[in-house]
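Per-entry structural report
Each chain, written out:
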Amino acid sequence: MLTRIKGGEIVDPVNGRLGKGDLWIEDEAIVEAPAGRRADRTIDATGCVVMAGAIDIHSHIGGGNVNTARLLLPEHHAAHAQRPAETPLSNAGWSTFQTGCLYAKMGFTTVVEPAMSPGSALHTHLELADIPIIDKATLAILGNDDFLLSMIRDKASSQMIEDYVAWTVGSSRALGVKVINAGAAAAFKENVRTFSLDDVVPSYGVSSRKIVKTLQAAVTTLGIPHPLHVHCNNLGAPGAADTAAATIAAAEGVPLHLAHLQFYGYGTEGKRRFSSEGARLAELVNSTPEVTIDIGQVMFGQTVTISSDVMRQFTSRGTASPKKTVIFDGDGNGGGIVPYRYRDDFYGSVQWAIGLELFLLINDPWRVFFTTDHPNGAPFTAYPDLFALLMSRDARNAAAANLSQKALALSTLGSIDREYTFEEIAIMTRAAPAKLLGLKDRGHLGAGALADVAVYRKGKDIAQMFREAAFVIKNGDVVVEDGAIKNYRWGRALRLNPPPDKAMVRRLEAYYQERYGLSLDWFDFPDSAIRRDEPFGEVSCNA
Amino acid sequence: MAVAWIGDRDVPVAQAAKHAAGLLVSSLSPVFSFDTDVHGTRAAIALAERVGAAYDHIGGEALARETALFTDRGGMFIAPGETRRRADVVVIAGSLPAHHHEFVGKLASTIPDLGGGASRQFFLIGAETRAAYLSKVKPTRLAVTGSDVGGTLAAVRAQCAGRAVAEPVSNFERFAKALAEAKFPVFLFCGQSLDLPGLEMLQGLIADINRKSRASALHLPASESGWGSTLASTWMTGFPMRTGFGRGMPELDSWRFDVARMLAAGEADLHLWVSAKTSVSVAKGVSTIALTKGKKPVAGAAVTISIGEPGVDRDAVAWSSRIGTLAAVKAQAATDLPDAASVLRLIAEHLPDGKALPC
Ligand SMILES: [Zn+2]
């Protein structure tokens, strides 16, 4: 089937295509304008912006901790009004089914769940397989697991550590590796309550820094396209900017991705000893080219924080609103669920401003990624409003007028004039994520790319434009029209598939037998356990 | 071998499925109860949405209490692997169902290898019986004369906090000393022998301990398939079980959608039963569709379709308390009996809109 998207304003920074024109799709792929052929279907994109489908690199959409958060908060999603059931389970509140539909309506076609516990990979993939329309991917968590910490303590060879990382990524069907407050979850089990980059995990004598550097080296050597994804120590603490700065410095010329930097942008200035270090961190990112970051923007309202940083979640359980939490000591990281309401008071205003400072003061849209750390800073449904804040200084000023002026006085936000262009939005939310994750088939509109396309009707209301895409095309299917789901389909989970090292498998089998009294088979599963046709799509490692 | 019946007449499966679909369509208040794996659950919930049914786990009382602990309060929990590797004090709160006895026995025959604990001591809160599985464990019993598990837990918590109690807990000194020296005490619990206040009291005790040191609770579900179904229900609908689709969108109500209660109260006119392990007793005046494993039709059922048992006849995905998450289970002795999910999908294909289930 040949499709022509006619007369839209094409925004494709990768291929240098900016301006009015047609986009042609044949079956699942984008093609050059075919000479002498008529389209089977023509989509009128007059007055619209045409971009590749958006890619979210960090959004907690499925897996054990996300599901526990649902379980903890039935009231969070009980208040949905009944709508006609256009798609299966579309009236379900905060469900996997709704997640796929809501993302698709905003023109997102690929979303990464960034915190998969490798031991419960099957659960995570079962949830992801029930998220319709979009493609998914996961990052496997390492860095608090006894097997790795023991290897580092015992000075195992880097080859052996690489074999373990490769096995973990392959067996859990992950696209990359994440480390979350490296060493802190293990230390918390031994009753340590604060943990920083140069603190040492009891019983192992291994520092957080050493864990991060070890994993960074293994990920790089293995050719895993996505750099090690780091959730730093001291998240949320006043003064955490120092920890973030030290972690940025620890990149040492090798690619490193820092997650939700906003949550570390806190200084200790002012009467309340809570201030913005957004400008300082942005400057550090600007001058450290091997570092990429995503923001974790805070937007106001009720949400729930879901994190595998169990120490941090334990510490913040007193802030829970409503007053109930789950703290889980898992095999590696575990995690914590703390419901939270971001208020437009002093603290909330500081956090909001820091996120925007980072967005606007980091110059290179290829190195800053658009996230709210869903749902930690805000649910992903707040994205349209966040696009408006980035693209319009007036929208920012209007929003800022309702916030704590004392808080805003401690940030540089008011002095920033920058407005993101469509081209920069396309880089930040399409081209750069594809590059960062090693997804060569998407993020652009060149011939041969996967036909994942978002068409937005231009208008004065930027948020509305991004809230309900005029058309969204996934693998060549029109899945959204005028903000409504038109076509239900099942995406895949994108994964790497490095071959397992046989000696490592034998070691792990012996380890699980001895330490858990279980065969390694317990943690493995065949693709058929997912019960979808082609549940996975393979992505190759760098040569 | 016949595998499907309309009444007591054996028919092809497709014909039974079609008849079942007709009954579902004409029902004003259908209810589903199931005891199946994750994929059976997914298909059952997708079908429940299609026909506006309420659904519950078979014998879901204890499960509903465990669920309520999460929906009402939350708490601190630990993985079974970490329990085995770290727990130097193990406290069994109440009694545990038989399917967890092997794990407890394994705890008794091992010692911690992480966290510095050198041995493992066992305590038993409140339970009156000396079950056989505890003979290896040799627990020290904490009890209060005339109190149940919940009452004993309350007294333990009070004494731990230094508060006066009317009736002291037996062996409390020993327990206090063990707690003071412990690196990581773990409390094993199940909704079968604790009511919701008891479950919450246990979490209160654990929260108290965590002010200064570490402790957590290992959830050993009353029903493993029930907990697996709870997880699948939660991701699919946002809600755990005892959810109904009567008004189109899912609604959670652990009293209203208690399917056994609905049947007893005459609130349901159709009952879809899904379990290869147990057979349904047909309620009077309720047309019953039984998906169960048997060579004969269920007496009184309008439709019976024989299904394979998850993990026995068919590969399955099920909750495993040994690893604390969902596991892929290979069929022990694969047969041709269809699994619950495929029968449920077949029924859905005969509904008027003819659309396939999303699961
Ligand atoms: Zn995150």
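Rules and cut-offs
Residues numbered from 1 in each chain as written. Chains lettered and ligands numbered in written order. Predicted model: local features only at pLDDT ≥ 70, side-chain atom pairs only at ≥ 80, totals over all residues. Heavy atoms only, no water. Domains from an automatic or database assignment. Contact = heavy atoms within 4.5 Å. Buried area = accessible area lost by both parts, 1.4 Å probe. Salt bridge = Lys/Arg side-chain N within 4 Å of Asp/Glu carboxyl O. Polar contact = N/O pair within 3.5 Å; in protein donor to acceptor, adjacent residues only side chain to side chain. Nonpolar A, V, L, I, M, F, W, Y, C, P; charged D, E, K, R; others polar. Core = buried A, V, L, I, M, F, W, Y, C linked by side-chain atoms within 4.5 Å. Buried < 20%, exposed > 50% of the residue type's maximum accessible area, 1.4 Å probe, protein only. Donors = N, O, S within 2.8 Å, 3.2 Å for Na, K, Ca; no water. Helix = DSSP H or I, 4+ residues; strand = E, 2+ residues; numbered from the N terminus. pLDDT = per-residue confidence, 0-100. Pairing = 2+ DSSP bridges. Phe/Tyr/Trp six-rings, centres within 6.5 Å; stacked < 30°, edge-to-face > 60°. Lys NZ or Arg CZ within 6 Å of the ring centre and 35° of its normal.

Residues and elements named next belong to chain B. Entries for chain B in the domain assignment read domain 1 (4-60 + 225-349) and domain 2 (66-219). Spacing between the C-alpha centres of domain 1 and domain 2 amounts to 35 Å. Facing the 7 residues of domain 1 at the interface are 10 residues of domain 2. Roughly 690 Å² of surface becomes buried between domain 1 and domain 2 when both sides are summed, with 67% attributable to carbon and sulfur atoms. Three residues stand out in domain 1 for area buried against domain 2, namely Trp227, Ser321 and Arg322, and they jointly supply 73% of the buried area on that side. Our count for the domain 1 to domain 2 interface comes out at 0 salt bridges. Joining domain 1 to domain 2, the criterion identifies 0 residue pairs in polar contact (both at pLDDT 80 or more). By residue class, the composition of the side of domain 1 that touches domain 2 is 3 nonpolar, 3 polar and 1 charged.

Now for the nonpolar core. The biggest cluster of nonpolar side chains holds 249 residues, and the ones touching the most others in it are Ile211, Trp352 and Phe359 of chain A together with Phe32 and Leu47 of chain B. Per-domain counts for this core show at least three residues from each of domain 1 (4-60 + 225-349) and domain 2 (66-219) of chain B. Beyond its immediate sequence surroundings of up to four residues, Trp352 of chain A is in contact with Gln297, Val298, Met299, Phe300, Leu389, Arg396, Ala399, Ala400, Leu403, Leu408 and Leu413 of chain A. Membership of the second largest hydrophobic core comes to 22 residues, among which are Phe122, Leu124, Ala127 and Leu220 of chain B.

Now for the coordination of the zinc ion. Residues and elements named next belong to chain A. Surrounding the zinc ion are the protein donor atoms His58 (NE2), His60 (NE2) and Asp373 (OD), which sit 2.0 to 2.1 Å from the metal. The motif formed by the donor residues of the zinc ion, counted along the single chain, is H-x1-H-x312-D. Here His60 is found in the loop between β6 (54-56) and α1 (64-72), whereas its partner Asp373 is found in the loop between β20 (368-369) and α12 (383-391), with 313 residues between them in sequence.

So, on to the confidence of the model for chain B. In the predicted model, chain B carries a mean pLDDT of 96, and the fraction of residues at 70 or more is 99%. Reported confidences for the modelled complex are a pTM of 0.97 and an ipTM of 0.98.

Residue and element names in this part refer to chain A. Within strand β21 (residues 453-457), 4 of the 5 residues are buried, leaving the element largely enclosed by the surrounding structure. Of the strand pairs in this sheet, strand β5 (residues 48-52) and β21 are connected by 5 bridges, and their pairing is antiparallel. What sits directly across from Met51, in β21, is Ala454. Looking at chain direction, β21 and strand β22 (residues 471-474) are connected through 3 bridges and run antiparallel. When the bridges of β22 are listed, Ala454 appears paired with Val472.

A separate point is helix α8 (residues 240-249) of chain A. All names here are of chain A. Of all 10 residues that make up α8, 7 are buried, and the element is covered over most of its length. If you check which residues of α8 are buried, you get Ala240, Ala241, Thr243, Ala244, Ala245, Thr247 and Ile248. Of the surrounding secondary structure, the elements contacted by the buried residues of α8 are β12 (228-231), β13 (256-258), β14 (266-267), α9 (278-286) and β16 (291-294).

Inspection of the entire model under this criterion finds 31 aromatic pairs over all chains. Seen from the ring of Phe536 of chain A, Arg495 of chain A lies directly overhead, with NZ or CZ sitting 5.8 Å from the centre. If you follow Arg261 of chain B out to its NZ or CZ, it ends over the ring of Trp255 of chain B, 3.8 Å from the centre.

Let us now look at the interface of chain A and chain B. Between chain A and chain B, the residue contacts involve 61 residues of the former and 59 residues of the latter. Scanning the region where chain A abuts chain B turns up 6 salt bridges. For the salt bridge of Arg85 of chain B with Asp146 of chain A, the shortest nitrogen-to-oxygen distance reads 2.7 Å. Here chain A and chain B share 26 residue pairs in polar contact (both at pLDDT 80 or more) between them. At the level of secondary structure, the elements contributing two or more residues to the side of chain A that touches chain B comprise α1, α2 (96-105), α3 (121-129), β18 (325-329) and α17 (502-516) of chain A. The pairing of β18 of chain A with strand β5 (residues 74-78) of chain B spans 5 bridges and is parallel. Residue pairing across strands places Ile327 of chain A opposite Met76 of chain B, the latter belonging to β5 of chain B.

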